[in-house]
Amino acid sequence: MIYDFDKVVNRKNTNSKKWDPETLDEMFGESEALPFWVADMDFEVAKSIKDAVLKAAEHGIYGYSKRPDSYFDAIINWTKKRFDWEIKKEWIVYTPGIVPAVNYIIQGFCKKGDSILIQEPVYYPFARSIKNNGCNVENNPLKFNGEYYEIDFDDFETKVKDPKVKIFILCSPHNPISRVWTKDELKRLGKICLENNVLIVADEIHNDIVYPEHKHTIFGSLSEELAMNSIICTAPSKTFNLAGMQASNIIIPNEKYRKIYESILEKNSVGSQNPLSIAAVEAAYKYGEEWLEQLIDYLQSNVKLIEDHLKETLPKAKLINPQATYLGWIDLREYDTNGQDLERTISIEGKLALDGGTWFGQCGDGFVRINYACSKTLLKEGLFKLSNIINKKYK
Ligand SMILES: Cc1ncc(COP(=O)(O)O)c(C=O)c1O
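It should be emphasised that the depicted structure is a prediction, and the values quoted were computed from it without experimental measurement.

1. Considering the domain arrangement of the protein
Then, number 1: Here the domain parsing of the protein yields domain 1 (21–46 + 289–393) and domain 2 (61–287).
Then, number 2: Each of domain 1 and domain 2 was reduced to a C-alpha centroid, and the two centroids are 25 Å apart.
Then, number 3: Buried surface at the junction of domain 1 and domain 2, both sides included, amounts to about 3,100 Å², of which 57% is carbon and sulfur.
Then, number 4: Ranking the residues of domain 1 by area buried against domain 2 places E289, Q323 and F360 at the top, with a combined share of 23%.
Then, number 5: Summed over the shared surface of domain 1 and domain 2, the result is 3 salt bridges.
Then, number 6: K81 is paired through a salt bridge with E289; the nearest N and O atoms lie 2.4 Å apart.
Then, number 7: At the boundary of domain 1 with domain 2, the tally comes to 21 residue pairs in polar contact (both at pLDDT 80 or more).
Then, number 8: Going through the elements one at a time, helix 11 (289–313), strand 12 (327–331) and strand 15 (367–371) are the ones with two or more residues in the side of domain 1 that touches domain 2.

2. Considerations on helix 9 (residues 255–267)
Side chains three or four residues apart in an α-helix point the same way, a direct result of the helix having 3.6 residues per turn.
Then, number 1: Its 13 residues place the ends of helix 9 18 Å apart at the C-alpha level, agreeing with the 18 Å of an ideal helix rising 1.5 Å per residue.
Then, number 2: Among the residues of helix 9, those classed as buried are Y257, R258, Y261, I264 and L265. Taken around the axis of helix 9, the buried residues stretch over an arc of 125°, which confines them to a single face. Opposite the buried face of helix 9, by more than 90 degrees, sit the exposed residues K256, K259, E266 and K267.
Then, number 3: Turning to helix 9, the residues buried within the fold contact strand 2 (92–95), helix 4 (98–109), strand 8 (199–203), helix 8 (224–228) and strand 10 (248–251).
Then, number 4: N-capping of helix 9 is provided by N254, with a side-chain oxygen placed 2.9 Å from the backbone N of K256.
Then, number 5: A positive phi of about 50° marks S269, the residue just after helix 9.

3. Digging into helix 13 (residues 376–393)
Then, number 1: With 18 residues, helix 13 should reach 26 Å at 1.5 Å per residue; the first-to-last C-alpha distance of 26 Å fits that figure.
Then, number 2: Listing the buried residues of helix 13 in full gives K376, L378, L379, G382, L383, L386, S387, I389 and I390. The buried side chains of helix 13 occupy one side of the element, clustering within an arc of 165° when seen end-on. Seen from the buried face of helix 13, the exposed residues on the opposite side, beyond 90 degrees, are T377, N388 and K392.

4. Considerations on the sheet that holds strand 7 (residues 165–171)
Then, number 1: The strand order 2-10-9-8-7-3-4 describes an open sheet built from 7 strands, whose pairing is mixed. Each edge of the open sheet is held by one strand with a lone partner, namely strand 2 and strand 4 (136–139). On average, each strand axis in the sheet is tilted by 25° relative to the strand beside it, whichever way the strands run.
Then, number 2: Here strand 8 pairs with strand 9 (residues 230–234) via 4 bridges, running parallel. The partner of I200 across the bridge, within strand 9, is S230.

5. Points about unusual backbone geometry
Then, number 1: A cis geometry characterises the amide bond from S172 onward to P173, with omega recorded as -10°.
Then, number 2: Relative to the helices and strands, P173 resides in the loop between strand 7 and helix 7 (183–195).
Then, number 3: Note that the residue after N175, namely P176, is joined by a cis bond; omega there is 15°.
Then, number 4: Structurally, the position occupied by P176 is in the loop between strand 7 and helix 7.
Then, number 5: In this structure, N13 is a non-glycine residue whose phi angle is positive, near 60°.
Then, number 6: For Q246, which is not a glycine, the phi torsion comes out positive at approximately 55°.
Then, number 7: Examined against the element boundaries, Q246 turns out to sit in the loop between strand 9 and strand 10.

Basis of the calculations
- Residues numbered from 1 in each chain as written.
- Predicted model: local features only at pLDDT ≥ 70, side-chain atom pairs only at ≥ 80, totals over all residues.
- Heavy atoms only, no water.
- Domains from an automatic or database assignment.
- Buried area = accessible area lost by both parts, 1.4 Å probe.
- Salt bridge = Lys/Arg side-chain N within 4 Å of Asp/Glu carboxyl O.
- Polar contact = N/O pair within 3.5 Å; in protein donor to acceptor, adjacent residues only side chain to side chain.
- Helix = DSSP H or I, 4+ residues; strand = E, 2+ residues; numbered from the N terminus.
- Expected span 1.5 Å × (residues − 1).
- Buried < 20%, exposed > 50% of the residue type's maximum accessible area, 1.4 Å probe, protein only.
- Arc of directions from axis to C-beta.
- Contact = heavy atoms within 4.5 Å.
- Pairing = 2+ DSSP bridges.
- Axes fitted to C-alpha atoms, helices over the stretch in contact; angles between N-to-C directions.

Here it is in structure tokens:
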């Protein structure tokens, strides 16, 4: 089946947070800003997913639900086929989202005053979750060489050696810089953490959307030792546009760690998964591959569109080497701007809702993040708004 990603689907007045005027006003100071921010896609899901949800909805009773074996088989088969990692049913633990999972992990594995290591610029709810749980954010900033980002391993090792650091949150692939970490990089990070008794929490929510020249390695597949020292956070939410379904699958091979994690779920009474999401997730992993392959092709052509547009209309801007995700990290620092002002100008005067670079850490100053998982019609409109406002305000 051929999917039409060019189709423009109206999301206004559908309770979409991304498109909601009140939310846009709150977040960007402009209720009519055109939205390219929060990471969900403006594409309809695969037909097989919609059919499965409709079938489940048709039943008419939406009581407390249990995940059937076929649900776990779908995840196990997907993980084997796409990442060559064999996982067991009992390793897979449910949580409504990855951010809740990160919070539960902090609650289970840290005490107040402990430190957790992250690599900025990075998905900002990590720092928020760390602070909300009374822990300290330790940062191993990624090094930018003008073309792409790299890990500063010396700094990483120094930070991991601090006995207060209990967890390292790895973002793989990395949001917002859209890097796919190589096996060697992952192994090196893993070794340093193992030597210093630091637990690795690998947030792999974006691991299915990877461009053909790159290969994602699931952290737990690197070695038995690393599998035993890690918690792998996966979800169909980004891959299949199911974020609102609130279903993630946390993979914890280490039984001792799993028990700790499950005890926190128990304490918070997190258990039963919503029946529509059970149907959606199973269908996604069973039948969604063809849709995903076409999606990746479409996203790649959107990358090309952004690059061409920037070359023509904003020659000093640079889209940083997109290897994965549908989130583009644009460097606007060669324009004469200054931080917050740039972000506010884009949203209020440009009427464009992009994630501000500083949301991801101060090192994001002068950058913006664009969610390009939308039709080309919409993307072009957004890019014109961006070049108009930058060219009007800055040199
Ligand atoms: C790296 C990363 N982790 C987690 C999330 C959100 O996870 P959830 O909605 O499952 O809490 C996102 C969403 O953009 C993300 O980019």
